[in-house]
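Residues per chain, in single letters:
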Amino acid sequence: MMPHHDHNILSWQSLFLITFLLLFFPTTASYSDTNLNQSLKRAQYLLNASVPTDQDFSETTDQNTYQQKIRNFLNHDNFYNIVLRYHETLFGTGLPIEYMDELLKDDIDHKVNKFAQILCETSEEDQRLHCSWASEREQSKVSSCPKAWEEPVSVFWYPGIVAWVCPSLVHSCGNDLSRCFIEYKDEDIAANSELGTTEAFDSRYSVIKSLSKQSAGIATAVTIANYPYTKILEPGLTAVDGAIAHFYRQKHHFKLDQLNLSDELLRLVEGISLTDTRFHLIYTGQTYEHGGILSTFGWLRRYEKNRSRANQLYERLLCRKFTAELPKIFPQDPGNLREAPGCSGCHATLDPLADFFLAWGEGGELYQGQRNTVQTSFSGHSGRYLADIANIIRQDNAFATCTVEHVWEWLIGRVFHSSESKIRAALTNYFITTNYSFRELVYAIATHPTFMETSRGNSLVDDPLSEPPLGELPGGNDLPSCDSPIDFATDIQPLTTACTSCHSGNNTLSPLLTEADWDAAASAAISMMTSGEMPPGQTGPPRIGPNYEFKEKVRCWVERNKQ
């Protein structure tokens with residue numbers, strides 16, 4: 001879902017942005033003395049990964065044109081790849097090299113030969129593409145059947161290509177060989193042939209790479225859809241691309257039942273092609289052991305220990321680090337690290353935070369399914385499951401502030417100076433006020449005078465801003481006031497035609513015809529209208545226009561009814 005913006009009308013978000021620009025941004029760098037052409041070139045490279053020519057911006061003369069072009073960059077198709085790469089760096093996804101073959105190891109879950117692998121090569125004798133079991137080639141065995149028995153099959157990875165295989169392969173791998181993992185013998189030929197690159201051709205490696213960056217895929221899909229960024233931690237929400245969907249369909253390759261995959265997830269991935277390289281969001285309902293990006297393979301497998309998982313969460317999502325001074329004499333056996341001198345400073349927080357991951361095993365054990373849990377706590381909130389810590393973080397102001405810090409460092413090229421605390425606070429407030437829109441945050445920073453200043457400063461910061469404080473509820477509730485009285489019959493009912501075509505009471509949807517109907521469903525309706533899910537036809541959260549005004553009238557009606 002891509003947001004719609006009308007740049008001829010100022011929404012309250014735009015007014016809010018202008019206000020904090022005037023209040024908190026340096027006055028030494030203004031739009032009048034900023035090289036807009038140079039800034040646009042930098043923005044295009046950062047947001048679209050393309051290098052512009054001077055002519056591309058020869059007509060740029062004012063602030064409105066600059067802002068419009070920034071919007072265009074955010075709506076460009078290349079923005080997906082930029083955001084994916086940003087999140088891969090942010091979350092540390094991409095498994096270490098020693099894990100590239102980990103799903104083939106028999107010591108992970110004690111199941112030998114999990115993956116049925118085929119080796120394909122073009123025969124010099126008849127110039128046909130022949131595929132046989134990789135294990136036979138490795139052991140220098142003769143093919144399991146005479147060539148006269150081989151059958152022609154159409155292969156899944158490249159329509160129109162025919163491969164000749166033994167009946168045993170057809171039986172095990174399907175008529176298009178899609179249930180098996182394929183390798184091509186000659187890498188040089190594979191990299192320059194119609195079969196595509198070796199990496200894409202060998203679906204086994206494609207699966208590993210996609211699993212390793214699944215957390216980045218969730219965050220990227222949330223950003224492109226312009227959903228609230230807090231959804232990256234929503235229990236029950238995941239994302240899959242073609243390679244992961246392909247993996248989930250390989251029940252005979254791996255103990256998928258031990259990954260706690262829901263039937264709904266397996267049903268939804270049936271329609272995703274292996275060659276689909278973009279991540280798609282899938283919501284299968286809240287489950288206690290899931291926490292959005294925190295329960296993805298890439299997070300759990302890269303950070304194998306629960307303490308490591310908690311430490312990375314603390315640093316990457318809350319921008320805080322565990323530090324402590326060790327005692328001069330460190331005991332050989334410190335005992336309980338939560339209480340031991342020199343250790344308790346970190347472990348009194350780290351270990352309870354790590355306990356939220358107990359439902360998942362450590363290392364290879366995560367494939368074994370659920371584990372016993374304990375009641376634990378973090379930042380004054382108690383819980384037991386990964387879903388609990390995910391919700392605690394989503395509702396902490398430090399998460400929003402940390403997101404602002406990451407995007408600022410990405411676009412500006414340095415962290416905040418200590419003197420820029422008001423800028424960080426204003427951007428955090430704006431991020432929350434725009435319903436945690438990552439795209440709006442990028443827009444705000446890309447139109448910031450510091451981004452556009454002609455002379456770029458040193459990236460080294462000697463006085464970095466302090467860590468965002470934990471335990472504060474998100475602010476950013478500077479919504480328009482509801483001072484004027486709201487009458488349902490006069491102010492709301494005439495606007496409900498956008499809803500009553502579906503919510504008429506003649507189907508399974510709840511009716512929204514009377515004041516009593518709205519009184520019962522108003523909170524849910526406000527939430528759906530705020531996120532852009534309703535009314536039908538929305539392309540992102542409404543900023544201006546009739547749907548925005550409708551949502552605000554319902555919100556004020558509810559607010560005044562509670563007084």
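Scroll up for the structure.
Description of the structure in this document. Since the model is a prediction, treat every value here as computed from it, not as a measurement.

**Quick word on the overall build of the chain**
(1) Moving on: Helix and strand counts for the chain stand at 24 helices and 9 strands.
(2) Moving on: A total of 563 residues make up the chain; the buried ones form 50% of that total.
(3) Moving on: Across the chain, every contact between residues at least 6 apart in sequence was considered, and the portion connecting residues at least 24 apart equals 69%.

**Focus on the nonpolar core**
(1) Moving on: Counting 94 residues, the largest nonpolar core has Y229, L294, L313, I389 and W410 as the members making the most contacts within it.
(2) Moving on: If you tally residues by element for this core, the top one is helix α17 (residues 397-412), at 9 residues.
(3) Moving on: Setting aside its immediate chain neighbours within four residues, Y229 contacts H87, L90, F91, A219, V222, T223, F399, T403, F431, Y436 and F438.

**Let's talk about the environment of V442**
(1) Moving on: With respect to the helices, strands and loops of the structure, V442 is situated in helix α19 (residues 438-446).
(2) Moving on: Taking the C-alpha atoms as reference points, V442 and V404, 38 residues apart in sequence, are found 9.0 Å from one another.
(3) Moving on: Not counting chain neighbours up to four residues away, the residues in contact with V442 comprise L47, L74, V407, W410 and L411.

**A few points about the pairing of strand β1 (residues 117-122)**
(1) Moving on: Judged from the 5 bridges that link them, β1 and strand β2 (residues 129-133) form a sheet pairing that is antiparallel. Each bridged residue has a counterpart across the sheet, and for C120 the counterpart in β2 is C131.
(2) Moving on: What sits between β1 and β2 in their antiparallel hairpin is a turn of 6 residues, with Q127 showing a positive phi close to 60 degrees.

**Some thoughts on the state of the cysteines**
What makes a disulfide is a covalent bond joining the sulfur atoms belonging to two cysteines.
(1) Moving on: One pass over the structure, following the stated rule, counts 3 disulfides.
(2) Moving on: Linked covalently through their sulfurs, C120 and C131 form a disulfide whose S-S length is 2.1 Å. The chirality of the disulfide connecting C120 with C131 is right-handed, given an S-S dihedral of about 110 degrees. One end of the pair, C120, is in strand β1; the other, C131, is in strand β2, and 11 residues separate them in sequence. In terms of burial, C120 and C131 fall into one category: buried.

**Things to note about the pattern of salt bridges**
(1) Moving on: Summed over all chains, the structure comprises 11 salt bridges.
(2) Moving on: Ionic pairing is found between E264 and R267, a salt bridge with its closest N-O pair at 2.8 Å. Of this pair, E264 and R267 both sit in helix α12 (residues 263-268), 3 residues apart, which is roughly one turn of that helix.
(3) Moving on: Note that R424 is salt-bridged to E405, the shortest N-O span being 2.4 Å. With R424 in helix α18 (residues 421-433) and E405 in helix α17, this residue pair connects regions lying 19 residues apart in the sequence.
(4) Moving on: Salt bridges sharing common partners tie together K231, E234 and R394.

Reading the values: the criteria
- Residues numbered from 1 in each chain as written.
- Predicted model: local features only at pLDDT ≥ 70, side-chain atom pairs only at ≥ 80, totals over all residues.
- Heavy atoms only, no water.
- Helix = DSSP H or I, 4+ residues; strand = E, 2+ residues; numbered from the N terminus.
- Buried < 20%, exposed > 50% of the residue type's maximum accessible area, 1.4 Å probe, protein only.
- Contact = heavy atoms within 4.5 Å.
- Core = buried A, V, L, I, M, F, W, Y, C linked by side-chain atoms within 4.5 Å.
- Pairing = 2+ DSSP bridges.
- Disulfide = S-S within 2.5 Å.
- Salt bridge = Lys/Arg side-chain N within 4 Å of Asp/Glu carboxyl O.

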